[in-house]
Amino acid sequence: AVLYDMGVIVNSLLMFSTQILFFGFGWLFFMRQLFKNYEVRNAMVQLVFSVMFALSCTLFELIIFEIVGIMDSSLRYFQWQMNLYLILTLLIFLVPLYTSHQLVLTIRMFQSRRWLSLAIWLLFVYLFWRLGDPFPMLSPRHGIFSIEQAISRVGVVGVTVMAVLSGFGAVNAPYTYMAYFMRDVKDSDIQTLERRLMQTMDMIISKKKRIVIMEKQSLKYSGSSPGVSRNSSGMGRVWGMFSGIVSNGGETLTLLHQEISALEELSRQLFLEVVDLHGVKERIAYSKTLKGRYFDLVGHFFSVYCVYKIFMCTINIIFDRVGKVDPVTRGFEIAGRWTFCYVTSILMISSL
């Protein structure tokens, strides 16, 4: 019993240490790879991503432990169940609720934002549950609120998202790596846009300086000596002149704020164009390397394969054909058959 308890402690420490490593790797991957060109100040997003990454890697680790035979089977089952419950809690409760909360924060017309975010989350839970109606997910062996019901619905959503991402990748990868889709970008084009961006930023800074100066002047005029009678003949005219300057200054301030908003939007668009041109220039330089030429060749191959798949799917839909074996599996079968025949012939010749 003592040895069993020591084994449980050691295995638990092993799982916890690997989860810490996975969490740190997910944090670095989020900062250094996914958002390396952006400043993410929301620590909650990083935390949720890293925790989900660590839990997913832990499931894969448990599968490897099952194959190799590491750890006790009961402890592996406990870790598997605990990780599944944590992942489902994040996917069904925490992530949708936090997303709805962030969505509601952008809407300023509602006062009770907490209740609105809760209502959006309840709507998500209802749609998530109704998602399983067209599929045979209910079983007499499992209850309505069992883990199998949640996993089955998450599986349906996951397969759909993977299919969408796969289709996007099949179209985006040739567009990204093939030299045919790359436009010619000159250094003069980038320098022209950068000069326009700097001119726009200078105009924004100068107009903001004007706003600060006018606000100081308006405060100076409005803070005139209160002991002076405004109804006297001479000082009344002076006060009327000052009040006219202040009112005109208020209208000018409004116009300046509108101009600054338009210039800031223009600066954002120019910045995105500059970043896009730099990205295209880097893609052109990358396409001239050996690895870039390889990806260009692979992009041509998969473009032809995608056209073939679209053509065959259209024929199958029109003529109501049901394919038994896909081309990739068929290709592996042919390659395996020829490889097996080649190896068999070599063994027969060597035996002689």
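Residues numbered from 1 in each chain as written. Predicted model: local features only at pLDDT ≥ 70, side-chain atom pairs only at ≥ 80, totals over all residues. Heavy atoms only, no water.

### As for the overall build of the chain
So, step 1. Scanning the chain from N- to C-terminus turns up nine helices and zero strands.
So, step 2. In the chain, the succession of helices and strands from N to C terminus is α-α-α-α-α-α-α-α-α.
So, step 3. Put simply, the chain has 352 residues, and 20% of those count as buried.
So, step 4. Contacts spanning at least 24 positions in sequence make up 66% of the contacts within the chain whose residues lie at least 6 apart. (Helix = DSSP H or I, 4+ residues; strand = E, 2+ residues; numbered from the N terminus. Buried < 20%, exposed > 50% of the residue type's maximum accessible area, 1.4 Å probe, protein only. Contact = heavy atoms within 4.5 Å.)

### Quick notes on unusual backbone geometry
So, step 1. The phi angle at Met 71 is positive, at roughly 75°, despite the residue not being glycine.
So, step 2. Position of Met 71 among the secondary structure elements: in the loop between α2 (43-68) and α3 (73-105).

### Some words on the packing of aromatic side chains
So, step 1. Evaluated as defined, the whole model comprises eight aromatic pairs.
So, step 2. Pairing Phe 29 with Phe 53 gives two aromatic rings, centres 6.5 Å apart and planes at 20°, and the pair type is stacked. Here Phe 53 lies in helix α2 and Phe 29 lies in helix α1 (residues 2-34), a separation of 24 residues in the sequence.
So, step 3. Seen in terms of ring centroids, Phe 124 and Phe 128 are 5.9 Å apart; in terms of plane orientation they differ by 25°. Their pairing is stacked. Taken as a pair, Phe 124 and Phe 128 lie in helix α4 (residues 113-130) at a separation of four residues, close to a single helical turn.
So, step 4. Phe 124 sits in the partly exposed class, given a relative accessible area of 32%.
So, step 5. In textbook terms, an aromatic cluster arises when at least three aromatic residues are bridged by ring pairs, as seen for Phe 25, Phe 29, Phe 30, Phe 49 and Phe 53.
So, step 6. The lysine or arginine in question, Arg 153, covers the ring of Trp 129, its NZ or CZ lying 4.0 Å from the ring centre. (Phe/Tyr/Trp six-rings, centres within 6.5 Å; stacked < 30°, edge-to-face > 60°. Lys NZ or Arg CZ within 6 Å of the ring centre and 35° of its normal.)

### Topic: the nonpolar core
So, step 1. Counting residues in hydrophobic clusters, the biggest one holds eleven residues: Met 52, Leu 55, Leu 59, Leu 84, Ile 87, Leu 88, Leu 90, Ile 92, Phe 128, Ile 147 and Ala 150.
So, step 2. Where this core is concerned, the elements lending two or more residues are α2, α3 and α5 (147-177).
So, step 3. Among the elements that take part in this core, α3 stands out by supplying five residues, more than any other.
So, step 4. In this structure, Ala 150 is in contact with Leu 88, Ile 92 and Phe 128, ignoring residues within four places of it in sequence.
So, step 5. With ten residues, the next largest nonpolar core counts Leu 193, Leu 270, Val 274 and Ile 284 among its residues. (Core = buried A, V, L, I, M, F, W, Y, C linked by side-chain atoms within 4.5 Å.)

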